[in-house]
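Read off the chains here:
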Amino acid sequence: MNANYSATVPSNIAFIKYWGKRPNAPQWPANDSLSMTLNQLATRTSARRYQGDDHSLRLGDRMYTRNDKQLGKTFVHLDRLALRFGFTQKLQITSTNSFPMGAGIASSASGLAALTLASLMAWTDSKNWDDLERHGFDRTMLADLSRLGSGSACRSLFGGFVQWEAGPDPDSQRYASLFSDEHWALRDTVVLFSSEQKAVGSTAAHELAWSSPLFIPRLSGLPERMELVKQAVADREIQALGLWLEVEALEMHAVIMTASQPVHYLNQEALQFLADLRQARQQGEIHAYFTIDAGPNIHVIHEAGEHERLKLWLQRRMAADRLLHDSVGAGPRLDFQSE
Ligand code: 2P0
């Protein structure tokens with residue numbers, strides 16, 4: 001029997017960004033972060049055990065080897081998991097994204113979380129969450145392991161509105177869904193300004209953050225901002241949330257734009273879009289707010305009732321194939337097929 005173990009893991013969009021890591025431990029963030037788990041923008045990864053000399057990896061319609069720089073993180077992560085738990089079986093991995101890779105839609109978050117889940121399911125013959133837990137892999141453990149592959153991946157293990165706390169020491173990091181996806185029907189429309197691989201990846205950008213004179217002041221203000229954002233989500237206050245989302249995204253970009261090797265993720269067209277969105281909001285045409293990841297694309301956050309009006313406004317400005325429409329989601333799904 002050659003069974004196929006699959007995980008479908010949505011991406012997440014950070015409201016309070018994970019930006020910068022502490023240097024004295026692996027994957028220990030400089031600050032707590034808070035995100036909304038998405039629904040449709042997801043990675044689906046399947047793993048099956050097979051008799052090969054090395055793991056094999058297919059992403060979309062291409063095969064990758066461990067020498068491919070672009071996906072080196074994947075093989076490193078498989079090796080890390082195998083070494084830590086003594087798994088020797090090689091895996092055949094197949095993965096598909098519902099969005100362009102490396103365009104700032106956190107493909108590493110959904111990708112590394114899906115890889116963690118599918119590979120551990122295959123190695124331990126786990127068909128569902130209960131089986132995984134019986135083998136010692138509860139949700140917190142799975143988030144810890146996903147985080148080692150890519151920091152933001154740990155938040156995608158949970159649905160709704162998710163907080164990742166840095167904790168007092170690197171082994172006490174904590175994850176929690178503060179509100180489920182049913183708490184507030186928020187939507188995220190992603191406006192694509194470039195689908196190309198970005199020039200500076202997030203891992204390098206996290207290191208550069210410390211060289212910005214704006215970084216330490218940012219860290220000192222974040223605990224208060226976190227409380228205000230949590231309160232806005234608790235109260236379903238889109239205006240209070242939205243204004244902080246924009247401050248937070250612009251501050252993160254200001255940090256990287258003032259680093260010792262400055263990085264400009266946003267192009268001219270994206271910058272103009274931010275100004276246009278704000279102007280339209282001031283004039284009462286739309287009620288939506290932006291946030292931005294480490295990439296060139298803009299996430300427009302709005303309530304479900306606003307969606308049609310916003311969509312019309314966006315479609316007057318750009319081709320429909322540059323818009324990805326998503327909403328808050330319930331988190332990962334696992335499935336299993338025997339053959
Ligand atoms: C976030 N980002 O909170 C922030 C905001 C991008 C902008 O976490 O080095 O790919 O793999 O831990 O998780 C992207 O960084 O970095 C990220 P690594 P990751 O979503």
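Residues numbered from 1 in each chain as written. Predicted model: local features only at pLDDT ≥ 70, side-chain atom pairs only at ≥ 80, totals over all residues. Heavy atoms only, no water.

Digging into the site of the ligand
Alright, step 1. The ligand sits among 18 residues. The nearest are Tyr18, Lys21, Gly151, Ser152 and Thr203.
Alright, step 2. Take Lys73: an N or O atom from its side chain is 3.0 Å from an oxygen atom of the ligand.
Alright, step 3. In the environment of the ligand, an oxygen atom lies 2.7 Å from a nitrogen or oxygen atom belonging to the backbone of Gly151.
Alright, step 4. Notes on the ligand: free accessible area 470 Å², of which the protein chains cover 96%.
Alright, step 5. With 3 residues, helix H5 (residues 202-209) is the largest single contributor of residues to the shell around the ligand. (Near = heavy atom within 4 Å. Polar contact = N/O pair within 3.5 Å; in protein donor to acceptor, adjacent residues only side chain to side chain. Areas by Shrake-Rupley, 256 points an atom, 1.4 Å probe, with all protein chains shown as cover. Helix = DSSP H or I, 4+ residues; strand = E, 2+ residues; numbered from the N terminus.)

Description of the packing of aromatic side chains
Alright, step 1. Tallying each qualifying case throughout the model produces 10 aromatic pairs.
Alright, step 2. On the basis of an interplanar angle of 50° and a centroid distance of 5.2 Å, the ring pair of Tyr5 and Phe336 is categorised as tilted. Taken together, the residues span a long stretch of sequence, with Tyr5 in strand S1 (residues 4-16) and Phe336 in strand S12 (residues 333-337) at a distance of 331 residues.
Alright, step 3. Put simply, the rings of Phe85, Phe87, Trp123 and Phe137 touch in pairs and so form one group of aromatic residues.
Alright, step 4. Sitting over the ring of Tyr64, Arg62 keeps its end group 4.1 Å from the ring centre.
Alright, step 5. Sitting over the ring of Phe336, Lys127 keeps its end group 4.9 Å from the ring centre. (Phe/Tyr/Trp six-rings, centres within 6.5 Å; stacked < 30°, edge-to-face > 60°. Lys NZ or Arg CZ within 6 Å of the ring centre and 35° of its normal.)

Let's talk about the packing of helix H1 (residues 72-85) against helix H2 (residues 107-124)
Alright, step 1. Two elements in contact, H1 and H2, have axes separated by 11 Å at closest approach and are oriented at 40°. In this structure, H1 crosses over H2, and the sense of that crossing is right-handed. Contacts between H1 and H2 involve Lys73, Thr74, His77, Leu78, Leu81 and Ala82 from the former and Ser108, Leu112, Leu115, Thr116, Ser119 and Trp123 from the latter.
Alright, step 2. Broken down by class, the residue content of the contact of H1 with H2 amounts to 6 nonpolar, 5 polar and 1 charged. (Axes fitted to C-alpha atoms, helices over the stretch in contact; angles between N-to-C directions. Left-handed = near helix turned anticlockwise from the far one by under 90°. Contact = heavy atoms within 4.5 Å. Nonpolar A, V, L, I, M, F, W, Y, C, P; charged D, E, K, R; others polar.)

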